[in-house]
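Each chain, letter by letter, is given below.
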Amino acid sequence: MLPTRTIGDLTVSALGLGCMGMSHAYGTPDTTESLATLHAAVDAGVTFFDTADMYGPYTNEEFLAPFVQAHRDEIVLATKFGFVMDENARPIGLDGRPERVAGCVDGSLRRLGVDVIDLYYLHRVDPQVPVEETVGAMAEQVKAGKVRALGLSEASAEDIRKAAAVHPISALQSEYSIFTRDVEEGPLQAAREVGASLVPYSPLGRGMLTGGRAATVAALRSNDFRTTIPRWQGENLKANLGLVDRIDEIAAELSTDSRTVTAAQIALAWVLAQGDDVVPIPGTTKRKNLADNLGAVNVALSADQLSALTALSAAGSRLPERTLRQRS
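Residues numbered from 1 in each chain as written. Predicted model: local features only at pLDDT ≥ 70, side-chain atom pairs only at ≥ 80, totals over all residues. Heavy atoms only, no water.

K.L.:
Looking at this structure, how should I read the overall build of the chain?
P.N.:
Helix and strand counts for the chain come out as 12 helices and 11 strands. For 328 residues, the compact-globule formula gives about 20 Å, and the C-alpha radius of gyration of the chain, at 19 Å, lands near that figure. Each of the three principal axes of the chain carries a C-alpha extent, and together these read 55 × 40 × 40 Å. Sorting the 328 residues of the chain into buried and exposed places 54% on the buried side. Within the chain, contacts between residues separated by at least 24 positions form 76% of all contacts whose residues are at least 6 apart in sequence. For the chain, the centre of its 31 positive side-chain charges and the centre of its 41 negative side-chain charges are spaced 3 Å apart. (Helix = DSSP H or I, 4+ residues; strand = E, 2+ residues; numbered from the N terminus. Rg over C-alpha atoms; globule rule 2.2 N^0.38 Å. Buried < 20%, exposed > 50% of the residue type's maximum accessible area, 1.4 Å probe, protein only. Contact = heavy atoms within 4.5 Å. Lys, Arg positive; Asp, Glu negative; His and termini not counted. Charge placed at Lys NZ, Arg CZ, Asp CG, Glu CD.)

Next up, the structure:
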């Protein structure tokens, strides 16, 4: 079984599973394999599963519903709200008005087929609404018994502190990996000040940190949103794959005749080593990748290896500039 960590009063597996790709963003999913991956995760000891109403939109929660209901007593379920989508399922803005919160909670509960959400995130802080007002309305859902714990996603240090003054914040979800370190510049400190755990999404750099040049580039499809990310284009991609070579080298250093350590395991081991209050949620839709990722809990990096990985700095931004402006 997997080691455990805590998020507020919730006990979760040290590695969770991000479910977005099972119905959103990374090309056409294989729902049969995705469902098999969910069940394999539970069998392997994963207890923390992450979704959001915008994934699809709505279809990810609906897809997860039968699985969640079958394993409700075994898992900690997280979902999010805050984005407004257009008719083509593209995010066009944020809406964190307090009067909207109850309806969003009820919608997620209905789609998931559950009575309570374990961890409910504000997916992004709406710059037009004071975060205290949104979180105040979320706190009412805790009082109503529909939500157990609250979190923020991609929030600033200032907003984390403001939110925590209204209601305990159990988790900060942010993109965090060897290649994406923005959260270290204030939000992580604020999260620790208020007692919130860090839940890194995309800890494998949206697949880039899984190693292997050919496999990494071949993973991109025409309908894969990574084709729009500067980090995955042109000279940036060439430079970043050169850095991935170094991760492959460290994986080779730790491999033996009886055990192969992978680049993905190195990348996840680095994230896990950043603190016992860090709970990564690597996403995958395939059982073989899940098994590979979970092997990271058994990888011990030396101080020199951790230092070498920390020194790697990716070329290009992690998201398109327009998206970064929306999410800042």
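Don't stop here, the text continues.
K.L.:
What is the right way to look at the pairing of strand β2 (residues 10-13) in this model?
P.N.:
Each regular strand carries side chains that alternate between the two faces of the sheet. Of the pairings in the sheet, the one linking strand β1 (residues 4-7) to β2 comprises 4 bridges and is antiparallel in character. The residue of β2 that forms the bridge with Thr 6 is Thr 11. Between the end of β1 and the start of β2, which pair antiparallel, lie 2 residues, with Gly 8 showing a positive phi angle near 60°. (Pairing = 2+ DSSP bridges.)

K.L.:
Just checking my understanding: could you explain the sheet that holds strand β9 (residues 147-153) for this structure?
P.N.:
The strands making up a sheet associate through hydrogen bonds between their backbones, and the pairing can be parallel or antiparallel. One open sheet holds the 7 strands; their spatial order is β3-β4-β5-β8-β9-β10-β11, and the pairing between them is parallel. The two strands at the open ends of the sheet, each matched to only one other strand, are β3 (17-18) and β11 (197-201). As defined by bridge partners, strand β5 (residues 76-81) adjoins strand β8 (residues 117-122) across 4 bridges and the pair is classed as parallel. Residue pairing in the sheet places Phe 81 in a bridge with Leu 122 of β8. Seen against the sheet, helix α4 (residues 131-143) touches β5, β8, β9 and β10 (169-175) and runs at an angle of roughly 160° to β9. (Axes fitted to C-alpha atoms, helices over the stretch in contact; angles between N-to-C directions.)

K.L.:
When you look at the environment of Thr 4 in this model, what are you seeing that I'm missing?
P.N.:
Summarising the element assignment, Thr 4 is placed in strand β1. Look at Thr 4 and you get exposed, because its relative accessible area is 53%. Remark: the alpha-carbon pair of Thr 4 and Leu 17, spanning 13 residues in sequence, is separated by 14 Å.

K.L.:
Honestly, helix α2 (residues 59-70) in this entry has me stumped. Any pointers?
P.N.:
For an α-helix, the turn length of 3.6 residues means that residues three or four places apart are oriented alike. All buried positions along α2 are accounted for by Asn 60, Glu 61, Leu 64, Ala 65, Phe 67 and Val 68. Lining the buried residues of α2 we find α1 (31-44), β4 (48-50), β5 and α3 (98-112).

K.L.:
Sorry, what's going on with unusual backbone geometry here?
P.N.:
Leave glycine aside and you will find that most residues have negative phi; peptide bonds, for their part, are mostly trans. Going from Gly 56 to Pro 57, the amide bond is cis rather than trans, its omega being 0°. One can find Pro 57 in the loop between β4 and α2. Here Tyr 58, not a glycine, exhibits a phi torsion of approximately 75°, which is positive. Tracing the backbone shows Tyr 58 in the loop between β4 and α2. With a phi angle near 55°, Glu 154 is a residue other than glycine that sits in the positive phi range. Structurally, Glu 154 can be placed in the loop between β9 and α5 (157-164). On the basis of relative accessibility, which here comes to 15%, the residue Glu 154 falls in the buried class.

K.L.:
Could you clarify how one ought to interpret the packing of aromatic side chains in this entry?
P.N.:
Two measures describe an aromatic ring pair: the distance that separates the ring centres and the angle between the ring planes. If you walk through the whole model with that rule in mind, you get 3 aromatic pairs. Ring geometry for Phe 81 versus Tyr 120: centroids 5.2 Å apart, planes at 5°, classification stacked. Placement of Phe 81 in strand β5 and of Tyr 120 in strand β8 is noted, with a sequence separation of 39 residues between them. Here the two residues Phe 81 and Tyr 120 agree in accessibility, since each one is buried. Here the aromatic rings of Tyr 176 and Trp 270 are separated by 5.6 Å at their centres, their planes lie at 50°, and the arrangement is tilted. You can see Tyr 176 sitting in the loop between β10 and α6 (187-194) and its partner Trp 270 sitting in helix α9 (residues 263-272), a full 94 residues away along the chain. In this pair, the class of Tyr 176 matches that of Trp 270, namely buried. (Phe/Tyr/Trp six-rings, centres within 6.5 Å; stacked < 30°, edge-to-face > 60°.)

K.L.:
Is there a simple way to explain the nonpolar core in this structure?
P.N.:
A general feature of soluble globular proteins is that nonpolar side chains tend to end up buried together. One finds Leu 17, Phe 49, Tyr 120, Ile 178, Ile 266 and Leu 309 to be the most contacted residues of the largest nonpolar core, which totals 79 residues. With 9 residues, the top contributor of residues to this core is α9. The contacts of Phe 49, once residues within four sequence positions are left out, are Leu 17, Cys 19, Leu 38, Ala 41, Val 42, Phe 67, Ile 75, Val 76, Leu 77 and Ala 78. One finds Phe 48, Ala 78, Leu 119 and Tyr 201 within the second-largest nonpolar core, a separate group that totals 14 residues. (Core = buried A, V, L, I, M, F, W, Y, C linked by side-chain atoms within 4.5 Å.)

K.L.:
Teacher, can you tell me more about the pattern of salt bridges here?
P.N.:
Should their charged atoms come close, side chains of opposite charge can pair. Applying the stated rule across the entire model yields 18 salt bridges. One salt bridge connects Arg 111 with Glu 61, and the closest N-O pair in it is separated by 2.6 Å. Here Arg 111, found in helix α3, pairs with Glu 61, found in helix α2; they are 50 residues apart in sequence, far enough to count as distant. Residue classification places Glu 61 among the buried residues on the basis of a relative accessible area of 0%. Ionic pairing is found between Glu 99 and Arg 97, a salt bridge with its closest N-O pair at 3.8 Å. Glu 99 sits in the exposed class, given a relative accessible area of 59%. Each of the salt bridges in this network shares a partner with another, and the network as a whole consists of Asp 95, Arg 97, Glu 99 and Arg 100. (Salt bridge = Lys/Arg side-chain N within 4 Å of Asp/Glu carboxyl O.)

Read these as geometric descriptors, not functional statements.
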